[in-house]
Amino acid sequence: MNPTASPPSSGTAISVRGVEKYVGEGDARIQVLKGANFTARRGEMMFLVGPSGCGKTTLLSLIAGTLAADAGELNVFGQDLRQLGSDRLAAFRARHVGFVFQQFNLIPSITVAENVSVPLLIRGLAPRAAEERARQMLARVGLADRADTRPGKLSGGQQQRVAIARGLVHEPDLLLCDEPTAALDRDNGQQVMRLMRDVARDPKRCVIVVTHDNRTYGYADRMAEMEDGRILRVLETQADIREHHPAAG
Amino acid sequence: MFRLALKMLVGDRGKYALLVSGLTFSTMLMAQAMCLFCGIMSWTVSSMRNMRASVWVSDPMVEQVSDNKPLRASDVSRVRSVPGVAWAAPLYQGAQQARLEGGATKGITLVGLDSSTLAGAPSQILTGRLEDLRLPNTVIIDEFAVERFSEATGRAFGIGDVFEINDREARVVGICRAARSFTGGPFIFTQYERALDYTPAQRKMLSFILVGAAPGHTAAEVAAAITARTGLRGWSEHEFIWSTIYWYVANTGIPINIGLLVVVGFVVGIVFSAQTFYAFVLDNLRNLAALKAMGLTARLLVPMLLLQAITVGLIGYGFGMLLTSSFGFFALGHGRIAYLMPWQVPAIAGAAVLSICVFSALLGITKVVRTEPAIVFR
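Each chain has its residues counted from 1, following the order in which its sequence is written. Chain letters and ligand numbers both follow the written order, the letters beginning at A and the numbers at 1. For a predicted model such as this one, the threshold for reporting local features is a pLDDT of at least 70, and the threshold for listing and counting side-chain atom pairs is 80 or more; totals across whole chains, interfaces and linings nevertheless cover every residue.

**Describing the overall build of chain A**
To keep things clear, this is the line we draw: Helix numbers and strand numbers start at the N terminus; a helix is a DSSP run of H or I with at least 4 residues, a strand a run of E with at least 2. The quantity called the radius of gyration is restricted to C-alpha atoms. Its globule counterpart is 2.2 Å times the number of residues to the power 0.38. Counting other C-beta atoms within 10 Å of a residue's own tells you its class, since 20 or more makes it buried, 12 or fewer makes it exposed, and anything in between is partly exposed; those C-beta atoms are placed from the backbone. Remark: residues whose backbone-derived C-beta atoms lie within 7 Å of one another are considered to be in contact.
Broken down by element type, chain A carries seven helices and 10 strands. Taking 2.2 N^0.38 as the reference for a compact globule, 249 residues should give roughly 18 Å; the C-alpha atoms of chain A span a radius of gyration of 18 Å, in line with that estimate. When the backbone C-alpha atoms are referred to their principal axes, chain A occupies close to 45 × 45 × 40 Å. When the 249 residues of chain A are sorted by exposure, 50% land in the buried category. Put simply, of all contacts in chain A between residues at least 6 apart along the chain, 71% involve residues at least 24 apart.

**Observations regarding the overall build of chain B**
For chain B, the helix and strand inventory stands at 12 helices and 10 strands. Taken over C-alpha atoms, the radius of gyration comes to 29 Å for chain B, far larger than the 21 Å a tight globule of 378 residues would show. Over its C-alpha atoms, taken along the principal directions, chain B stretches across nearly 95 × 55 × 30 Å. Looking at chain B as a whole, 45% of its 378 residues are labelled buried. When contacts within chain B are restricted to residue pairs at least 6 apart in sequence, those whose partners lie at least 24 apart make up 82%.

**Description of the pairing of strand β9 (residues 222-227) of chain A**
Residues and elements named next belong to chain A. Where we set the bar: Pairing between strands requires that DSSP locate at least two bridges from one strand to the other.
Relative to β9, strand β3 (residues 45-49) is paired through four bridges, and the arrangement is parallel. Across the sheet, Met 46 pairs through a bridge with Arg 222, a residue of β9. In this structure, β9 lies alongside strand β10 (residues 230-235), joined through five bridges in antiparallel fashion. Looking at the pairing, Met 223 lines up with Leu 235 of β10. Linking two consecutive strands that pair antiparallel, namely β9 and β10, is a turn of two residues; a positive phi of about 50 degrees is found at Asp 228 within it.

**Some thoughts on the confidence of the model for chain A**
Residues and elements named next belong to chain A. Selection rule: A score between 0 and 100, pLDDT records how confident the predictor is in each residue.
Taken over all residues, the pLDDT of chain A has a mean of 85, while the share at 70 or more is 95%. Mean pLDDT values for the elements of chain A range from 80 in helix α6 (residues 186-200) up to 93 in helix α3 (residues 112-122). This stretch, residues 1-10, has a pLDDT under 50; its non-local contacts, to residues over four places away or in other chains, come to 17 contacts.

**Describing unusual backbone geometry**
Residue and element names in this part refer to chain A. The backbone of Phe 77 shows a phi angle near 50 degrees, a positive value even though the residue is not glycine. Examined against the element boundaries, Phe 77 turns out to sit in the loop between β4 (71-76) and β5 (79-80). Phi at Glu 179 is positive, roughly 45 degrees, even though this residue is not glycine. Of note, Glu 179 is situated in the loop between β7 (174-178) and α6.

**Concerning the interface of chain A and chain B**
In plain terms, the rule: Each residue is assigned to one class: nonpolar for Ala, Val, Leu, Ile, Met, Phe, Trp, Tyr, Cys and Pro, charged for Asp, Glu, Lys and Arg, and polar for all the others, Gly among them.
Each partner contributes residues to the interface: chain A has 24 residues there, and chain B has 22 residues. Mapped onto the side of chain A that touches chain B, the elements with two or more residues apiece are α1 (56-64), α2 (86-96) and α3 of chain A. For the side of chain A that touches chain B, the class distribution of residues is 15 nonpolar, five polar and four charged.

**Comments concerning the nonpolar core**
The following threshold applies: Core membership is restricted to buried Ala, Val, Leu, Ile, Met, Phe, Trp, Tyr and Cys residues, and these are joined into a nonpolar core through C-beta atoms within 7 Å.
Judged by nonpolar contacts, the single largest core of 134 residues is most densely connected at Leu 138, Leu 176, Val 207 and Ile 208 of chain A. Ranked by residue count, the leading element in this core is helix α2 (residues 13-44) of chain B, at 16 residues. In terms of nonpolar packing, the next biggest core, distinct from the first, is built from 62 residues, Ala 119, Val 146, Ala 213 and Phe 240 of chain B among them.

**Some points on helix α9 (residues 254-283) of chain B**
Basically, it comes down to this: Helix span, as expected, comes to 1.5 Å for every residue beyond the first.
In a regular helix each residue adds 1.5 Å, so 30 residues correspond to 44 Å; α9 of chain B covers 43 Å between its end C-alpha atoms and thus fits that length. Of all the residues in α9 of chain B, the buried ones are Val 262, Gly 265, Gly 269, Ser 273, Ala 274, Thr 276, Phe 277, Phe 280 and Val 281 of chain B.

**Examining the environment of Gly 158 of chain B**
Of note, Gly 158 of chain B is situated in the loop between α5 (143-153) and β6 (162-165). Counting along the chain gives 16 residues from Gly 158 of chain B to Gly 174 of chain B, while the straight-line C-alpha distance between them is 7.9 Å.

**Digging into the sheet that holds β4 of chain A**
What the four strands build is an open sheet, ordered β2-β1-β4-β5 (chain A); its pairing is antiparallel. Looking at which strands have only one partner, the edges of the open sheet turn out to be β2 (30-41) and β5 of chain A.

**Focus on the sheet that holds β10 of chain A**
Residue and element names in this part refer to chain A. For clarity, the threshold we go by: Fitted lines through C-alpha atoms give the axes, limited to the stretch in contact for helices. The angle between two N-to-C directions lies from 0 to 180 degrees.
An order of β6-β7-β8-β3-β9-β10 is seen for the six strands of this open sheet, with the pairing classed as mixed. The strands lining the two open edges of the sheet, one partner per strand, are β6 (97-100) and β10. Put simply, the sheet's adjacent strands are angled 20 degrees from each other on average, direction ignored. Where helix α5 (residues 156-168) meets the sheet, its contacts fall on β6 and β7, and the angle it forms with β6 comes to roughly 170 degrees.

**As for the pairing of β3 of chain A**
Residue and element names in this part refer to chain A. Counted residue by residue, β3 has five buried out of five residues, so it is predominantly covered. Examined bridge by bridge, β3 and strand β8 (residues 206-210) share four bridges and lie parallel to one another. The residue bridging Met 46 from the neighbouring strand is Ile 208, located in β8.

**A closer look at the environment of Tyr 278 of chain B**
Residue and element names in this part refer to chain B. Checked against the element boundaries, Tyr 278 lands in helix α9. Overall, the presence of 16 C-beta atoms within 10 Å leaves Tyr 278 in the partly exposed class. Considered as a pair, Tyr 278 and Ile 365 are 87 residues apart in the sequence and their alpha carbons are 9.0 Å apart. Non-local contacts of Tyr 278, meaning those with residues more than four positions away in its chain, are made with Leu 363 and Gly 364.

**A few points about the confidence of the model for chain B**
Residue and element names in this part refer to chain B. Residue-level pLDDT values for chain B average 89, and 99% of them are 70 or greater. Least confident of the elements in chain B is α9, whose mean pLDDT is 82; most confident is helix α7 (residues 219-230), at 95. Across the whole predicted complex the pTM is 0.75, and at the interface the ipTM reaches 0.82.

**Considerations on the packing of α9 of chain B against helix α12 (residues 344-370) of chain B**
Residues and elements named next belong to chain B. Our working definition: With respect to orientation, any angle under 35 degrees is reported as roughly parallel, any angle over 145 as roughly antiparallel, any angle of 65 to 115 as roughly perpendicular, and every other angle as oblique. In this scheme, a crossing is called left-handed if the near helix is turned counterclockwise away from the far one by less than a right angle; it is called right-handed if the turn is clockwise.
Contact pair α9 / α12: the axes reach a minimum separation of 9 Å and the direction vectors enclose 30 degrees. Taken together, the axes of α9 and α12 lie roughly parallel to each other. Judged by the sense of rotation from one axis to the other, the crossing of α9 with α12 is right-handed. Counting all contacts with α9, which are made through Phe 266, Gly 269, Ile 270, Ser 273, Ala 274, Phe 277, Tyr 278 and Val 281, the residues of α12 involved are Ala 352, Val 353, Ile 356, Cys 357, Phe 359, Ser 360, Ala 361, Leu 363, Gly 364, Lys 367 and Val 368. Partitioning the contact of α9 with α12 into residue classes produces 14 nonpolar, four polar and one charged.

**Examining the environment of Leu 118 of chain B**
Residue and element names in this part refer to chain B. Within the secondary structure, Leu 118 sits in the loop between β3 (105-113) and β4 (124-128). C-beta crowding within 10 Å serves as the criterion here: with 17 such atoms nearby, Leu 118 is assigned to the partly exposed category. Distance from Leu 118 to Glu 239, taken between C-alpha atoms, is 23 Å for residues 121 residues apart in sequence. With sequence-adjacent residues up to four places away left out, Leu 118 is seen in contact with Leu 113, Leu 130 and Leu 133.

In structure tokens form, the structure reads like this:
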């Protein structure tokens, strides 16, 4: 598949089969993923949960194409990521993947609008057009009036909304969120999750959320539980999630 | 993305200011040192800048213009007989003491010019007339002599004033502009015979012979012919200037001392800028990794970092050269500091700053290129 082309229409967004990943070398080499299997669909928000060190973030990095799997099959929107070289992988990410990071990773020395326009600039859009679209996206996340502010002047919740706007501005098929509420208080966390649930309602889009925050589990459509480098089980409904995580918010 | 790179750079005002000031300081150190070196070297050939002639003739053992191995008076006639010589005039040049009213003495460079042609006379007479040198006991002094003699006498020294050289009267009839000498003594011009009167007698007193090339002959040809036919050493002016400069480079510690200053400037630039730029990259590493995760390739990231480094380099270089030029303007205005900025100085300083910036950028680039975009998830 051409990484810049639209992905084929299908219900399956991500397919992970027997994926293994090692890190370190020599005696320090350890297996982080031990044959992970799961599937994510279009139009859903899927949570990846599990204890620290179980391999959630590594799996997210593999899906993002920022790390390469050592074994197994990894198919994202019909594209086998293992077939792509680094440049085509970068082009694939630029076209199809949006990111929301735990620490926001907004560039402090440029304005909010300029931060949001970055994915469009990477794709080669002219700065003026990119900034115009960035402002439209900021309006969608309720921050139109903060477009010309530096990120450091915003609250944590506002910064994460800016990060979500940046993750969505190029209309990616896949939004990958790494602990999006970890740096936020309860109210801001809920606000951000509501925003992401709305984003996930797009039937062409898939949202993967890696989180420890059980207050947000109520927003998941499905949930994959990980332990020791494997997918332990996939909870298919909100009822299943509540049954296995009674403390979920 | 390049606009974004520049905004990232100037947006981090603290580091941006540090980078620019470091490169400004480095440029200034290197350029100042090179200008001082060129200035000192220009002082070593001030005799040739003040007494212009296309060919100089000296004793064959002479290597540079301050080297005094006198010729015989009859050598002037021998030189005149060489084909291609249009004219030849004797020149005396020597260090003497001027005794001023009140008893103060000042070191001077006494120059004796051929009385009939006044060949080698200073080109810029500021006050008075060159021809007045033909009057008895007269001299023309340079601006520096006016300054030093005025300081020593406590009043404005000028035309009509009198001082002594070896107990003989010297009356000022003109003031000229002359390049400063390496030894620091002001230039005092007089007739050749009178210069010999002012100087304690020696067996041979002719310092140099100034020669003009006849039409159709180059200075180099005439100089070579003089060397071949007289056994003296003929120099084209250009050749003698560079021989003098090479002599000072080879036989004094000036190049090493000043070269050390240039090296210090370069090292300061490398250490300061490379460190600050590397710190700038490290501070932005997660953001740069995030850009890589978002699909920015090294093909675009490397030019972005190079652009940032070269931009601060150009700005620092600009400020550095501006400060250096301002200092030069001040120094030249006062005339007491050896200072010369040929085009090679800004060119070399520019190349050095560019290499500092590229080195600094390469450090940052290596770090960024090796950084896995996956670190943003950790």
